[in-house]
Amino acid sequence: MNQPLSNSQMRDAEALLHPYSNAVALRQTGVQIIERGEGIHVFDQSGRPYIEAMSGLWCAGLGFGNPELVEAARAQMEKLPFYHLFSGKSHEPAVELAEKIKALAPGRMARVFYQSSGSEANETQVKMVWYYNNALGRPDKKKIIARVKGYHGVTIVAASMTGLPYNHKDFDLPVDRIKHTSTPHYWKGALEDETEAEFAQRMAADLEAMIIAEGPDTVAAFIAEPVMGAGGVILPPDGYFPAIAEVCARYDVLMISDEVICGFGRTGEWFGAQTLDYPCTSISMAKQLTGAYLPLSAVAINLDMAEVIEANSGKHGTFGHGFTYGGHPVGCAVGLKTLEIYERLDITARVRGLAPRFHAHLERLSAHPLVGEARGVGLIGALELAPGKSPKGFDAPGKVGAKMAAEMLQHGVIVRAMTDSIGFCPPMIITEDQIDEMFAPVEASLDATHAWAAAEGHLG
Ligand SMILES: Cc1ncc(COP(=O)(O)O)c(C=O)c1O
């Protein structure tokens, strides 16, 4: 039996439609209202602390309540609370942050374009690719290849590139220029006796076959997250990205790296493309760019794209794209302070230093009978729950994962169930002791979930 909804929960139910929520179920269970945050913890209305093991939505890399970020926002609000970058206007925080992004990003990025969200960044990516190919006199080269289980956001083109069924169902998506190639998940997707190297080559061959079937003159770009986040923290095997990059180069297909989760230290390098070792022509970034204290996203493009796009804007008299809040001065000031703090903390070394402790826990837990696979890199990881450790997964996907997340919440740790993969992506300020604390309730939660799954008949 559910408790009756509290007054706050009732008001919420009457006032809000929640993203990524089952509105019917929420009417029964009520929302969980979070009131404040400090360090790696958030607190509910009763004052109970929770470890935010997902950094919110993979974004609060510096945790909560950082006074320097608050002060950076306050000072910028006082000086210039808003200005824009349209029609020849600019401001110092936007320029300085773009210079910083250029200095940190791989692939010799030449220009930065701002938006407010990851979805808008990926929307910009596609519009730039189309604009670029039109400028080059290649009007047919427009298709974008993304991947099944990839996540690129929810606006129309970004949601089309996202390779998850619930982003398409009843939204009349994907749009027709967007295609999806295979997910590079070896544990789930390998053929019998196939080695990781053979699997990686087969994934690249799938991409090549799709490019040939669609017609290389019609395929403009390939987009990928270095580590698939919302798809379940899926890491490709060694050799995957180099093989993919070769295929893209062969057919003159641009490579877009969606670093909205992986950017800014999460994988132990500044960008995931460095950890996973692939070249990219452009990069999407958001989330940890401001530690999530303010909405800001950026697209960085290389010199070739920048020159073509700039020349084309000259031809048309304007680059007809831009968001009112793209490059908001307060967001940029907070972004600059965030990057300054990352540098001071030597964030990439810090993440690499913490990773062995983090992965030792995942490895230890992989022995549990309910865990099919443990995986991760840097400070992002997942435990995929499976019946009898089988990669085929549960007959009713998502139920066991949801139960596990609920068990962890009871123990004061907020994790995210992506179907039956339980994600861990804590603020990068976490300490070794706090990593132990975060993982402490996992075994008991797995046991309870296992017993429940057996009783409910989910184990087959
Ligand atoms: C890899 C990736 N790209 C894009 C997005 C979309 O970002 P937003 O929710 O800010 O639109 C997300 C969000 O989780 C993401 O993980």
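Predicted model only: the values in this text are computed from it and were never measured.

Peer 1: Can you break down the overall build of the chain residue by residue, with the values?
Peer 2: If you tally the helices and strands in the chain, you get 17 helices and 15 strands. Along the first, second and third principal axes, the C-alpha set of the chain runs to 65 × 60 × 45 Å. Of the roughly 20100 Å² of accessible surface on the chain, 54% is carried by carbon and sulfur atoms.

Peer 1: Can you break down helix 17 (residues 442–455) residue by residue, with the values?
Peer 2: Every α-helix carries 3.6 residues per turn, so stepping three or four residues along brings you back to the same face. Taking 1.5 Å per residue, 14 residues should reach 20 Å; helix 17 reaches 20 Å between its end C-alpha atoms and fits that length. Taken residue by residue, helix 17 has Val442, Ser445, Leu446, Thr449 and Ala453 as its buried positions. Projected down its long axis, helix 17 shows its buried positions confined to an angular sector of 100°, all on one face. Those residues of helix 17 that are buried are in contact with helix 14 (347–365), strand 11 (371–377), strand 12 (380–385), helix 15 (399–410), strand 15 (421–424) and helix 16 (432–439).

Peer 1: Give a detailed account of a nonpolar patch on the surface, specifying residues and quantitative values.
Peer 2: Nonpolar side chains collect at one region of the surface, where Tyr20, Val154 and Tyr166 lie side by side and expose about 340 Å² of accessible area between them. Relative to the helices and strands, Tyr20 resides in the loop between helix 1 (7–15) and helix 2 (23–29).

Peer 1: Can you break down the pairing of strand 10 (residues 297–302) residue by residue, with the values?
Peer 2: Counting buried residues along strand 10, six of its six residues qualify, which places the element largely inside the surrounding structure. One ladder, built from six bridges, connects strand 4 (residues 109–115) with strand 10; its direction is antiparallel. Pairing of Phe113 across the sheet is with Val299, part of strand 10. Bridge analysis of strand 9 (residues 282–285) against strand 10 gives four bridges, and the strand direction is antiparallel. Residue pairing for strand 10: Met285 is matched across the bridge by Ala298.

Peer 1: Give a detailed account of the environment of Val377, specifying residues and quantitative values.
Peer 2: Along the chain, Val377 turns up in strand 11. Classification of Val377 by relative accessible area gives buried; the value is 17%. For the pair Val377 and Ala405, spaced 28 residues apart in sequence, the C-alpha separation works out to 21 Å. With residues near it in sequence (within four places) discarded, Val377 still touches Val227, Leu235, Arg266, Thr267, Thr275 and His359.

Peer 1: Kindly report on the pattern of salt bridges, identifying the contributing residues and their values.
Peer 2: A full pass over the atoms with the stated rule returns 22 salt bridges. Between Glu38 and Arg36 there is a salt bridge; the shortest N-O distance is 3.2 Å. Residue classification places Glu38 among the partly exposed residues on the basis of a relative accessible area of 47%. The shortest N-O distance in the salt bridge between Arg344 and Glu68 comes to 2.8 Å. Taken together, the residues Arg344 in helix 13 (residues 329–344) and Glu68 in helix 4 (residues 67–79) connect sequence positions 276 residues apart.

Peer 1: If you had to explain the sheet that holds strand 4 to someone new, which residues and values would you point to?
Peer 2: What the seven strands build is an open sheet, ordered 4-10-9-8-7-5-6; its pairing is mixed. Strands with a single pairing partner mark the edges of an open sheet, and in this sheet they are strand 4 and strand 6 (178–181). Averaged over neighbouring strand pairs, the angle between their axes works out to 20° when direction is ignored. Docked against the sheet, helix 6 (residues 118–135) engages strand 4, strand 5 (143–147), strand 7 (219–224), strand 8 (254–258), strand 9 and strand 10, running at close to 30° with respect to strand 10.

Peer 1: Residues and numbers for the nonpolar core, please.
Peer 2: Core analysis: the biggest nonpolar cluster contains 95 residues, and Tyr114, Phe222 and Phe424 have the highest contact counts within it. Once residues within four sequence positions are removed from consideration, Tyr114 is found in contact with Leu85, Ala94, Leu97, Ala98, Ile101, Leu296, Ser297, Ala298, Phe323, Gly326, Gly327 and Cys332. Ala110, Val126, Met128 and Val157 belong to the second largest nonpolar core, which has 24 residues in total.

Peer 1: Please set out the site of the ligand residue by residue, giving values where relevant.
Peer 2: Near the ligand the following residues occur: Ser117, Gly118, Ser119, Asn122, Tyr151, His152, Gly153, Glu225, Asp258, Val260, Ile261 and Lys287. Tyr151 places a main-chain nitrogen or oxygen 3.4 Å from a nitrogen atom of the ligand. Separating a nitrogen atom of the ligand from a side-chain N or O atom of Asp258 is a distance of 2.7 Å. Burial of the ligand by the protein chains amounts to 84% of its free accessible area of 390 Å². Partitioning the shell around the ligand into residue classes produces three nonpolar, six polar and three charged.

Procedures and definitions
- Residues numbered from 1 in each chain as written.
- Predicted model: local features only at pLDDT ≥ 70, side-chain atom pairs only at ≥ 80, totals over all residues.
- Heavy atoms only, no water.
- Helix = DSSP H or I, 4+ residues; strand = E, 2+ residues; numbered from the N terminus.
- Areas by Shrake-Rupley, 256 points an atom, 1.4 Å probe, with all protein chains shown as cover.
- Expected span 1.5 Å × (residues − 1).
- Buried < 20%, exposed > 50% of the residue type's maximum accessible area, 1.4 Å probe, protein only.
- Arc of directions from axis to C-beta.
- Contact = heavy atoms within 4.5 Å.
- Patch = residues over 30% accessible without salt bridge, like charges linked within 9 Å, V, L, I, M, F, W, Y side chains within 5 Å.
- Salt bridge = Lys/Arg side-chain N within 4 Å of Asp/Glu carboxyl O.
- Pairing = 2+ DSSP bridges.
- Axes fitted to C-alpha atoms, helices over the stretch in contact; angles between N-to-C directions.
- Core = buried A, V, L, I, M, F, W, Y, C linked by side-chain atoms within 4.5 Å.
- Near = heavy atom within 4 Å.
- Polar contact = N/O pair within 3.5 Å; in protein donor to acceptor, adjacent residues only side chain to side chain.
- Nonpolar A, V, L, I, M, F, W, Y, C, P; charged D, E, K, R; others polar.

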